[in-house]
Amino acid sequence: MSIQPAQYPSMMRELRKNFDRGRTRTLGWRRAQLGALARMLRENEKRIGEALAADLAKPEQEVYLGELSLLYSEIRHARRHLRRWTRPRRVHTPLVGQPGRSWVQPEPLGVVLIMGAWNYPVQLVISPLIPALAAGNCAVIKPSEIAAATSALMAELIPRYLDSRAVQVVEGAVEETTELLEQKFDHILYTGGAHVGRIVMRAAAEHLTPVTLELGGKSPCVIDEGADLASAARRLTWGKCLNAGQTCIAPDYVLVTRDQRDALIAAIGAELDDMYGEDRLKSENYARIINRRHFDRLVGYLDDGEVSIGGRYDEASCRIEPTVLTGVDPDSEIMREEIFGPLLPIIEVDNLEEALAFVRQRDKPLAAYLFTRSRVSERQFVELVSTGNLCINDVLMFMSVPELPFGGVGMSGMGQYHGKAGFDRFSHLKAVMKRSRFPEIPIRFPPYTDFKLRWLKRLG
Ligand code: NAD
């Protein structure tokens, strides 16, 4: 049975006790936990696939691509670099500190909380758990109750594979999470919407607990003049339809130059035929919408533009066809809120400058995409668009690079993880200085004299 709210204080005491005993600090323990995590995923790929099919009708290929392969690569990367990451990082000691040595010593934070969202319900709890364990922390995992089958599976598997003196899973919805957030953690990594992000941050403030907020936003996709439309359409269509658009970094809307619009729409139509066939609502390669609330929200958006492609939906199976909308008013609801579904507004612009102005007037997104053949456009886009992550001539693929930190900026979140950035996120980078006892240079000690001051100024 899942841990009940009345047990949270004793769970926290136990975790803290085990952390204080130092068992999570050794390199051996950290390696073993990462190994066990990889084994947990490998030995249960089938059950994970079944849970994700029950929650989202996620196709098997997408389970691997969007959840498991990223986790395997993160675990491999962490195991390979663990020794180097944990080592003291020597820094320069200026003359006034000589003779002496200075270094940065990473140390674990303590007991951290990881709260996941429902759209990639395995990846979003395990991916932060990897650096949390690599950095030597104890962790409480709170999967999203909205992906109920996956949440239950995580609660069953994690205690079977990982050291339960250091890692616990708490299941539950608003009531349980509210109680959980009253506990004192040493860091909270939350993934989800901005509304709950504020709730998490407010609760964390009570204990002055630092937070990482992995939020969402409207990630723009700009098609520059003269872009390779066939390649852009293929990659864009894939990125938008993966998990039926319920991906935090999915291209939310497209800005395309006027003269390329119709060709782009035709190319997207052809890609949809290739990827999902004629009857896309029944395609096995296409996930469903998580629940009725999100389904209704998305169907409501269909009135915000003219349907150029798709537009059909099926209430019983909670599926909505990949849909291209044109004639969308930039101030309409669909352009104010993150879509988080398979609807793609295509908005015409005159040129890249107009597209850049459009993007820059809005909140900073989690991801931004540009399809172009021009180095000048590429440079302009990289310099002028403030976004969590950015990709030229593709979408989503930066996720496959463990050395790229992942996270938002402004309204799309705060703090980054993945790879070393994740290790550092779950570590305190303790500053250490060691002085040699001899020789003593007395210029900093009273009594102060002009001579000493002159020397102090000279040494800087
Ligand atoms: P969600 O409903 O699953 O909520 C996220 C977490 O918050 C869950 O663990 C849930 O139990 C908890 N929660 C919900 N209401 C709460 C409350 N009142 N008090 C305390 N805790 C509460 O997920 P969501 O908010 O629908 O997530 C979708 C959003 O997440 C989108 O905006 C998406 O872009 C974003 N997202 C971001 C990333 C990222 O890595 N940056 C990844 C996935 C999703």
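Please refer to the structure higher up on the page.
Everything numeric here is computed off the predicted structure, so don't read it as measured data.

K.L.:
Any chance you could break down the environment of leucine 109 for me, citing the residues and the numbers?
P.N.:
Within the secondary structure layout, leucine 109 lies in the loop between β2 (100-108) and β3 (111-115). Residues leucine 109 and histidine 195, 86 residues apart in the sequence, show an inter-C-alpha distance of 26 Å. With sequence-adjacent residues up to four places away left out, leucine 109 is seen in contact with Phe19, Asn137, Asp186, His187, Arg425, Phe426, Ser427 and His428.

K.L.:
Kindly report on helix α9 (residues 229-241), identifying the contributing residues and their values.
P.N.:
Between its first and last C-alpha atoms α9 spans 18 Å; for 13 residues at 1.5 Å apiece the expected length is 18 Å, and the two agree. Residues Leu229, Ala232, Ala233, Leu236, Thr237, Gly239, Lys240 and Cys241 constitute the buried set of α9. The secondary structure elements touched by the buried residues of α9 are α4 (60-86), β8 (220-223), β9 (253-257), α10 (261-276), β14 (343-349) and β15 (367-371). Here α9 starts with a cap whose side-chain oxygen sits 3.3 Å from the backbone nitrogen of alanine 230, and that cap is aspartate 228. Note on α9: the residue one or two positions beyond its end, asparagine 243, has a positive phi of about 55 degrees.

K.L.:
Just give me the short version of the sheet that holds strand β18 (residues 427-435), but keep the residues and values in it.
P.N.:
Spatial strand order, β1-β2-β18: 3 strands in an open sheet with antiparallel pairing. The open sheet has two edge strands with one neighbour each: β1 (89-91) and β18. For this sheet the average axis-to-axis angle between neighbouring strands, irrespective of direction, equals 30 degrees. Pairing analysis gives 3 bridges linking β1 to β2, with the strands arranged antiparallel.

K.L.:
Describe the pattern of salt bridges, with residues and values.
P.N.:
Proximity of charged atoms lets side chains of opposite charge pair with each other. According to the stated counting rule, one finds 28 salt bridges in the structure shown. Note that lysine 46 is salt-bridged to glutamate 50, the shortest N-O span being 3.2 Å. Of this pair, lysine 46 and glutamate 50 are both found in helix α3 (residues 45-56), 4 residues apart, which corresponds to roughly one turn of the helix. Judged by its relative accessible area of 44%, glutamate 50 falls in the partly exposed class. Linking aspartate 279 and arginine 312 is a salt bridge whose minimum nitrogen-to-oxygen distance equals 3.2 Å.

K.L.:
Describe the site of the ligand, and please don't skip the residues or the numbers.
P.N.:
Lining the immediate environment of the ligand, one finds 26 residues, of which Lys142, Ser144, Glu145, Leu215 and Glu338 sit closest. A distance of 2.9 Å separates an oxygen atom of the ligand from a polar backbone atom of glycine 193. Glutamate 338 is positioned with one of its side-chain polar atoms (N or O) 2.6 Å from an oxygen atom of the ligand. Every element with two or more residues in the shell around the ligand is listed here: α7 (174-180), β6 (187-191) and α8 (194-206). Of the residues assigned to the shell around the ligand, the class counts are 14 nonpolar, 8 polar and 4 charged. Per-domain counts for the shell around the ligand show at least three residues from each of domain 1 (5-215 + 410-432) and domain 2 (220-402).

K.L.:
Describe empty space enclosed by the protein, and please don't skip the residues or the numbers.
P.N.:
In the structure shown here, the tally under the stated rule is 5 cavities of 30 Å³ or more. One number sums up the size of the largest cavity: a volume of about 70 Å³. Around the largest cavity, the lining residues are Thr237, Lys240, Cys241, Ile268, Leu272, Pro322, Thr323, Val324, Pro342 and Leu344. When contributions to the lining of the largest cavity are tallied by element, the ones reaching two or more residues are α9, α10 and β13 (323-326). Per element, the largest residue contribution to the lining of the largest cavity is 3 residues, and it comes from α9. When its residues are assigned to classes, the lining of the largest cavity shows 7 nonpolar, 2 polar and 1 charged.

K.L.:
Let's hear about α8: which residues, and what values?
P.N.:
One full turn of an α-helix is made of 3.6 residues, so residues set three or four places apart face in the same direction. Over its 13 residues, α8 extends 19 Å from the first C-alpha to the last, a length consistent with the 18 Å expected when each residue adds 1.5 Å. Taken together, the buried residues of α8 touch β3, β6 and β7 (211-214). Leucine 208 lies just past α8 and shows a positive phi near 50 degrees.

K.L.:
Tell me about the packing of helix α13 (residues 352-360) against helix α14 (residues 375-384), and please be specific about residues and values.
P.N.:
Two numbers describe how α13 lies on α14: the axes approach to 11 Å, and their chain directions differ by 15 degrees. Considered as vectors, α13 and α14 are oriented roughly parallel to each other. For the pair α13 and α14, the crossing hand works out as right-handed. Contacts between α13 and α14 pair Leu352, Glu353, Leu356 and Arg360 from the former with Ser377, Gln380, Phe381 and Leu384 from the latter. Its residues placed into classes, the contact of α13 with α14 shows 4 nonpolar, 2 polar and 2 charged.

So, how was this worked out
- Residues numbered from 1 in each chain as written.
- Predicted model: local features only at pLDDT ≥ 70, side-chain atom pairs only at ≥ 80, totals over all residues.
- Heavy atoms only, no water.
- Helix = DSSP H or I, 4+ residues; strand = E, 2+ residues; numbered from the N terminus.
- Contact = heavy atoms within 4.5 Å.
- Expected span 1.5 Å × (residues − 1).
- Buried < 20%, exposed > 50% of the residue type's maximum accessible area, 1.4 Å probe, protein only.
- Polar contact = N/O pair within 3.5 Å; in protein donor to acceptor, adjacent residues only side chain to side chain.
- Pairing = 2+ DSSP bridges.
- Axes fitted to C-alpha atoms, helices over the stretch in contact; angles between N-to-C directions.
- Salt bridge = Lys/Arg side-chain N within 4 Å of Asp/Glu carboxyl O.
- Near = heavy atom within 4 Å.
- Nonpolar A, V, L, I, M, F, W, Y, C, P; charged D, E, K, R; others polar.
- Domains from an automatic or database assignment.
- 1 Å grid on protein atoms, 1.4 Å probe; cavity = no way out; pocket = protein on both sides within 12 Å on 5 of 7 lines; lining within 4 Å.
- Points joined across faces, edges and corners; volume = space filled by probe spheres on them.
- Parallel < 35°, antiparallel > 145°, perpendicular 65-115°, else oblique.
- Left-handed = near helix turned anticlockwise from the far one by under 90°.

Nothing here speaks to function; it is all geometry.
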